[in-house]
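Here's the letter readout for the chains.
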Amino acid sequence: MAGVFIVFEGGDGVGKSTQARLLADWLQNQGHEVVLTFEPGDTKAGAVMRQIVLDPATGDLSPRAETLLYAADKAHHLYEVVLPALERGAIVVCDRYVDSMLAYQGAGRQLGADRLEAIARWATGDLLPDLTVLLDLDPERGVGGIARPDRVEGAGREFHLRARAEFLALAARDPEHYLVLPARTDRERIAAAVRERVVPLLSDPADTLA
Ligand SMILES: Nc1ncnc2c1ncn2[C@@H]1O[C@H](COP(=O)(O)OP(=O)(O)O)[C@@H](O)[C@H]1O
Ligand SMILES: [Mg+2]
């Protein structure tokens, strides 16, 4: 694949969207084509799936159904947004990806890591990020500060502690493709640490424009 695929992961409220935006802006200023996107919900069909999963009005949703909706969102997002961008050589910066599903549905909802990972890998055609930045934070300080939690944010402390541990375990399994940073420290310093790790993955923008 010609492009570069960078993912931000971590709990709710850890600063993923903030850092994804800072990185995308910086890359754009360096002359790269950047696609800043997120999961779930950054396609027309995905927005409907996101609505079902996150809206408290959905009420009780079978954990397997929840998982498959996330997987469907990913499959469609890859097809419509991520793969076309990577194929034309763009840098894709994505807010959440497969690890969120493994952490929230696998560990959080306790659905069994191995089979869930097989579903996630099938849904995404085994596309792995070149780099995943994990912003790590005690859920008490992240999701705990959200005034009106959605269905997943409101799933309880034990759920979020299991998810945090799973994010860290996934990173520890493949350190070459992960950067783990403590979240909610100075946001410029986090951004600088991310850039330092991303730069070696980039080709000269002059080459890709030529
Ligand atoms: N490094 C940081 N230090 C303190 N607060 C931060 C930092 N980064 C983001 N925030 C704030 O924390 C909140 C959640 O950030 P956001 O980027 O939306 O997190 P996420 O996308 O992971 O849910 C926002 O109010 C944001 O302004
Ligand atoms: Mg966000």
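How each quantity is defined
Residues numbered from 1 in each chain as written. Chains lettered and ligands numbered in written order. Predicted model: local features only at pLDDT ≥ 70, side-chain atom pairs only at ≥ 80, totals over all residues. Heavy atoms only, no water. Near = heavy atom within 4 Å. Areas by Shrake-Rupley, 256 points an atom, 1.4 Å probe, with all protein chains shown as cover. Helix = DSSP H or I, 4+ residues; strand = E, 2+ residues; numbered from the N terminus. Nonpolar A, V, L, I, M, F, W, Y, C, P; charged D, E, K, R; others polar. Expected span 1.5 Å × (residues − 1). Buried < 20%, exposed > 50% of the residue type's maximum accessible area, 1.4 Å probe, protein only. Arc of directions from axis to C-beta. Contact = heavy atoms within 4.5 Å. Pairing = 2+ DSSP bridges. Axes fitted to C-alpha atoms, helices over the stretch in contact; angles between N-to-C directions. Right-handed = clockwise from strand over helix to strand, strands pointing away. Core = buried A, V, L, I, M, F, W, Y, C linked by side-chain atoms within 4.5 Å. Polar contact = N/O pair within 3.5 Å; in protein donor to acceptor, adjacent residues only side chain to side chain. Parallel < 35°, antiparallel > 145°, perpendicular 65-115°, else oblique. Left-handed = near helix turned anticlockwise from the far one by under 90°.

Draft legend 1. Expanded view of the site of ligand 1. Around ligand 1, a shell composed of Gly 11, Asp 12, Gly 13, Val 14, Gly 15, Lys 16, Ser 17, Thr 18, Arg 184, Thr 185, Arg 187 and Ile 190 is seen. Calculation on ligand 1 without its partners gives an accessible area of 560 Å², and the protein chains cover 66% of this total. Elements that contribute at least two residues to the shell around ligand 1 include exactly helix 1 (16-29) and helix 7 (187-198). No other element matches the 3 residues that helix 1 contributes to the shell around ligand 1. Classifying every residue of the shell around ligand 1 gives 2 nonpolar, 6 polar and 4 charged.

Draft legend 2. Representation of helix 6 (residues 157-173) in the model. Over its 17 residues, helix 6 extends 24 Å from the first C-alpha to the last, a length consistent with the 24 Å expected when each residue adds 1.5 Å. For helix 6, every residue scored as buried is listed here: Phe 159, His 160, Ala 163, Glu 166, Phe 167, Leu 170 and Ala 171. In an axial view of helix 6, the angular spread of the buried residues amounts to 135°, which keeps them on one side of the axis. Opposite the buried face of helix 6, at more than 90 degrees from it, the exposed residues are Glu 158, Ala 172 and Arg 173. At its buried positions, helix 6 is contacted by strand 1 (4-10), helix 4 (98-108), strand 4 (131-136) and strand 5 (178-182).

Draft legend 3. Structural view of the sheet that holds strand 5. Spatially, 2-3-1-4-5 is the arrangement adopted by the 5 strands of the open sheet, whose pairing is parallel. With one partner strand each, in any of the chains shown, strand 2 (34-38) and strand 5 form the two edges of the open sheet. Across this sheet, the average inter-strand angle for adjacent strands is 15°, counted without regard to direction. Relative to strand 3 (residues 91-95), strand 2 runs parallel, the two sharing 5 bridges. Bridge pairing in strand 3 places Val 34 opposite Ile 91. Contacting strand 1, strand 2, strand 3 and strand 4, helix 1 crosses the sheet at an angle of about 155° to strand 1. Strands strand 1, strand 2 and strand 3 of the sheet are contacted by helix 3 (residues 63-87), whose axis makes an angle of about 160° with strand 2.

Draft legend 4. Up close: the pairing of strand 5. Here strand 4 pairs with strand 5 via 5 bridges, running parallel. Opposite Asp 136, over in strand 5, you have Pro 182 as the bridge partner. A crossover links strand 4 with its parallel partner strand 5, the connecting element being helix 6, and its sense is right-handed.

Draft legend 5. How the structure looks around the nonpolar core. By size, the foremost hydrophobic cluster in this structure holds 33 residues, and its most contacted members are Phe 5, Val 82, Val 92, Tyr 97, Leu 127 and Val 152. Of all the secondary-structure elements, those providing two or more residues to this core are strand 1, helix 2 (44-54), helix 3, strand 3, helix 4, helix 5 (113-123) and helix 6. When residues in this core are grouped by element, the largest group, 7 residues, is from helix 3. Not counting chain neighbours up to four residues away, the residues in contact with Phe 5 comprise Val 82, Leu 86, Val 92, Cys 94, Tyr 97, Leu 127, Leu 128, Pro 129, Asp 130 and Leu 131. Among the nonpolar cores identified, the runner-up in size contains 22 residues, and Val 14, Val 34, Leu 181 and Val 194 belong to it.

Draft legend 6. Examining the side chain of Glu 39 more closely. Considering the arrangement of structural elements, one finds Glu 39 in the loop between strand 2 and helix 2. There is a polar contact of 2.7 Å between the side chain of Glu 39 and the side chain of Lys 74. A polar contact is formed between the side chain of Glu 39 and the side chain of His 77, at a distance of 2.7 Å. When neighbours within four sequence positions are excluded, Glu 39 is seen to be in contact with Asp 73, Lys 74, His 77, Leu 78, Cys 94, Asp 95, Arg 96 and Tyr 97.

Draft legend 7. Up close: the packing of helix 3 against helix 5. It is the contact of helix 3 with helix 5, at a shortest axis distance of 8 Å, that shows an interaxial angle of 25°. By the criterion of interaxial angle, the relationship of helix 3 to helix 5 is roughly parallel. Our pair here, helix 3 against helix 5, has a crossing hand that is right-handed. Of the residues in helix 5, those in contact with Thr 67, Leu 68, Ala 71 and Ala 75 of helix 3 are Leu 116, Ile 119 and Ala 123. In terms of residue class, the contact of helix 3 with helix 5 is made up of 6 nonpolar, 1 polar and no charged.

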